[in-house]
Amino acid sequence: MSGGPFRFLSTLLGAAAVLVAPERAISATSAAESEADSDQVGQDQGPPDAREIVVFGLRNDGSLEGILNEDELGEGEIAGYGRNTVGELLDDIGSDLNGDEPVVLVNGKPVSGIGDISTLPTEAVAKIQLLSPQFATRFGQTPDRRVINVVIKPEFKQASFSGEAGQATAGGAANSSAELGYTRIRNGNRTTWTVRGHMEQELDEDERGIDTALDAGIPYDLTGNVQAAGFGSQIDPALSAMTGYPVTVAGIPAGKANPVLADFVGTANRANRSPMGSFRSLLPRVRQLSTNLALLRNLSPRSTLSLNLRADLADGQAKLGAAGGLLRLPYTSPFTPFSQDVLLARYFGPALEQNRRAGNFSAGGTYNTTRGEWRFTLTGSYTRRTSRTTSERGADLTGLEAGLLAGSVNPFATLPSVLLGAMRSDLSNSRSDAAMAQLMVSGPIFRLPAGAARVNLRLGGSLDRNHADTVLNGLPRSTAFGRDEVNGLAGLDLPLLAAGKGGVGAVQLNLSAGFRHASQVGTLPSVSAGMLWRPSDQLSFNALYSVEEVPPSAQILSDAIVVTGGVRVYDFLRNETVAVDMISGGNPQLRPERRRTWRLGGDLQPFDKFNLHLVADYVRQRSRDATAALPPVSADVQAAFPDRYQRDANGLLTRVDARSVTFARDWREQLRWGLRLRHQFGKTKAASAGGLKGSASAWRIDGGLYHTWVISSTRQARAGLPVIDLLNGGATGYGGGVSRHALDLELRLSGRGFGLDIDGNWRGPSQIRAGAVPTVTDLHFASLSRLDLRLWADVGTFAPDQAWAKGLRLTLNVDNVTDRRQRVRDGSGLTPLRYQPALLDPRGRTVTLALRKTF
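Residues numbered from 1 in each chain as written. Predicted model: local features only at pLDDT ≥ 70, side-chain atom pairs only at ≥ 80, totals over all residues. Heavy atoms only, no water.

Caption draft 1: Quick peek at the sheet that holds strand β30 (residues 653–657). Taken in spatial order, the four strands make up an open sheet running β25-β26-β30-β29, and their pairing is mixed. In the strand order of this sheet, the two ends are held by β25 (562–571) and β29 (645–647), each with one partner. Recorded for the sheet is a direction-independent mean angle of 30° between the axes of neighbouring strands. The sheet contact formed by β25 and strand β26 (residues 576–584) spans eight bridges and is antiparallel. The partner of Y570 across the bridge, within β26, is T577. (Pairing = 2+ DSSP bridges. Helix = DSSP H or I, 4+ residues; strand = E, 2+ residues; numbered from the N terminus. Axes fitted to C-alpha atoms, helices over the stretch in contact; angles between N-to-C directions.)

Caption draft 2: Inspection of the nonpolar core at higher detail. Ranked by size, the top nonpolar core spans 28 residues in total, and within it F641, L653 and Y835 carry the most contacts. Broken down by secondary-structure element, the contributors of at least two residues to this core are β25, β26, α9 (635–640), β30, β31 (661–681) and β37 (779–781). The element contributing the most residues to this core is β26, with three residues. Contact partners of F641, with chain neighbours within four places excluded, come to L630, V661, T662, F663 and A717. I78, L90, V104 and I185 belong to the second-largest nonpolar core, a separate cluster that totals 21 residues. (Core = buried A, V, L, I, M, F, W, Y, C linked by side-chain atoms within 4.5 Å. Buried < 20%, exposed > 50% of the residue type's maximum accessible area, 1.4 Å probe, protein only. Contact = heavy atoms within 4.5 Å.)

Caption draft 3: Seen up close, the sheet that holds strand β36 (residues 766–768). Taken in spatial order, the three strands of this open sheet run β36-β37-β40, and their pairing is antiparallel. Of all the strands in the sheet, the pair left with one neighbour each is β36 and β40 (824–826). Across the sheet, the axes of successive neighbouring strands diverge by a mean angle of 25°, strand direction being ignored. Two strands pair when backbone bridges link them, and β36 and β37 are joined in this way by three bridges, in the antiparallel orientation.

Caption draft 4: Structural context of the confidence of the model for the protein. For the protein, per-residue confidence averages 86 on the pLDDT scale, and 89% of positions sit at 70 or higher. In the predicted structure, residues 1–56 sits below a pLDDT of 50 and forms 81 contacts with residues beyond four places in sequence or in another chain. Of the regions scoring below 50 in pLDDT, residues 687–693 engages in 18 contacts with residues more than four places distant in sequence or in other chains. (pLDDT = per-residue confidence, 0-100.)

Caption draft 5: Structural detail: the side chain of T564. By the secondary structure assignment, T564 is in strand β25. There is a polar contact of 3.0 Å between the side chain of T564 and the side chain of Q354. Leaving out residues up to four positions away in the same chain, T564 has contacts with L320, Q354, R356, V580, D581 and M582. (Polar contact = N/O pair within 3.5 Å; in protein donor to acceptor, adjacent residues only side chain to side chain.)

Caption draft 6: Seen up close, the pattern of salt bridges. All chains considered together, the criterion is met by 39 salt bridges. Its salt-bridge partner being E485, residue R516 comes within 2.9 Å of it at the nearest N-O pair. Placement of R516 in strand β22 (residues 506–518) and of E485 in strand β21 (residues 475–497) is noted, with a sequence separation of 31 residues between them. You can call R516 partly exposed: its relative accessible area is 28%. Classification of E485 as buried rests on a relative accessible area of 7%. The partner of R786 in a salt bridge is D788, and the shortest N-O contact between them spans 3.1 Å. Since its relative accessible area comes to 31%, R786 is described here as partly exposed. What emerges from the salt-bridge pattern is a single network uniting E202, D204 and K319. (Salt bridge = Lys/Arg side-chain N within 4 Å of Asp/Glu carboxyl O.)

Caption draft 7: Structural detail: the environment of F663. Residue placement: F663 occurs in strand β31. When sequence neighbours within four positions are dropped, the list of residues in contact with F663 reads R624, D625, A626, A628, A629, P631, F641, R715, Q716 and A717.

Caption draft 8: Molecular detail of the pairing of strand β23 (residues 522–536). Relative to β23, β22 runs antiparallel, the two being bridged by 13 bridges. Among the inter-strand pairings, F515 is bridged to a residue of β23, identified as P525. Where β22 hands over to β23, the hairpin turn is made up of three residues, of which Q520 adopts a positive phi near 75°. For β23 and strand β24 (residues 539–550), the ladder comprises nine bridges, and the chain directions are antiparallel. The residue bridging S536 from the neighbouring strand is L539, located in β24. Turn length for the β23-β24 hairpin, with the two strands adjacent in sequence and antiparallel, is two residues.

In structure tokens:
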């Protein structure tokens, strides 16, 4: 280690210059040093037992050795997924894993982010190793995240084009995308560049037959309605006398510019209800463009430098409904047939629009090097995000209102457009900058009989800056947010017992302690202890206990405020669907979360020659000051967060501040168990000239079936308020309560150029209660199952003599095959307007056809 830090710094300072000449970067001196280091490691360790927990090492191909894999995917298994990019492949693999987002390594080395390899073609991957979460401490992470090592081939070159188009079988919701990519790997030096475009068609409510009526609120309509000027009073006593009952609202007769009182008898207490589905979007129009450049250069046999640049642009447009106006018509107007003042409720102008535009730019880099048995990793990144949201609120009606009061405007005739003023809009602009840097050091500090004890150190810092400008109801406001953070983590890996010694099996202990010191928050500690026990090659157990304090993200604290009008919500207190102004954005009042987690897991492979695993994972988590979304308005929720819900004088819900909130406590306990299968059968055929490696192999089947049992899930807003049972009427969102039981199925069959994927899930019933006891306003969410199918074929396997077929893949996706949607009923068996099935799932069954061609 003599001179190690100085050599490390000198290498880092000259690293950027080497990016332009990667193939000439390896000097004879570096090669000799690397060979000497390798010889020293080999002499120190000696030949390890294949089953022992031994000194952590890295093979020449980038795979990890001396470490226990939970699973490993070779080229054949990777080809069986039929995915185009590593990002898509890791999404599939990640869905099989339970827990937080995994730690991703590339050739056994940390990277600045998944963007380093997300666009890399899967054909460039030699293998993927799945490691236990306990090994995350070796890479500066807490031991509650799985570790995935992606091993990339040293030589590879490919260009590709892919495109896809899809649409819902019910019509509309069309989408399309296209991507160009280029990858070159030479002597381990890698360059990957992609550009991608994506579009989604707007889907309106009338395309799904949505009932646009509301249970309560002002009865706006395109033709218009007349209602009494005072709550509960009559429009006109004379009209009530004509009908024989009190009349509080009446639709304006269509086609009559000068109606008389008798014309309102036919619409007495029957408000006009124009179909408004074409004025409101179920899904917005979306356009996206992104590009990604990833570079990796070998500076020496033991040092690498990677760089990732990414830029994204996106814009969306949605219709929010029509702008309503409630105007007074005085009895003195020459156009009114009423003997007293009334109110006119009417929609004015075209559909209101909300336009969003966002841009992201990110840059990240990682320098990895080794000195003897020690590894040094320096990582840095910078991200800039910008967004602009414009929400129309309606035209200025001042001129129209003045004309009605003056008696110069006939409200029952076609209104001159000049009376509608300029469109009023709310505006939200935000800009954020985030930068981070961290140094990780890992290596052995002493040796135990079962192997080397390793220390893992991480020290880093970050800064976040956010500025937001908003104009709400004509009032400008600017806010600024800044947070600086220093963080560190120290981990210790102790191999206590080696396999085959004492008959107990291999035992590994992982300890870690860390801190985060953030401005405006203070110092937040974290500690953890984990153990991995492998009694035999077919059986393993893992355990974890962790305590940590986590501050809310800068984004959730400081996002710009956006007010969206006309959002439907269900008011559980009044059993009605209403339209409200919904507030979203950051909440600077959120507090750091204190989290305590217990985790126990096991993996059993009962058969030596059959790759079947029985797995189980038990988690109990206790959180204080937990950050979560605002739940639906019920008696308990309104008591806990009274300032988040605004009502008018009549008790009608008019405004909801839906920004995130803090719960005093959030406790959850669950067990997830199931089986994972991977099996190969049939005879291997010779690979065709046009097929990809592995595409003409024997048939493979792999997948898993998992059952999640939520044993308990409770939440308390603050001390003194009731503890809410989320399994028995409590809600985390408008989508329903927490299901006690859930099933997840993943099944893949592939071989000889074909592949079939089946993904299914089932969620048990749940409910949301309006109060402490069951009432008719409670909502019952039926169980819901979903099935997705994916069929792909490598055309070159079946047409090996055709040049056009080489590297051509066709894919057919059918999402939600059975077109199932969530069904919701209240206590009387009716579906509230807010919970119409197409509102919960606008797309339904969707069919997508994709094509990919490699060159």
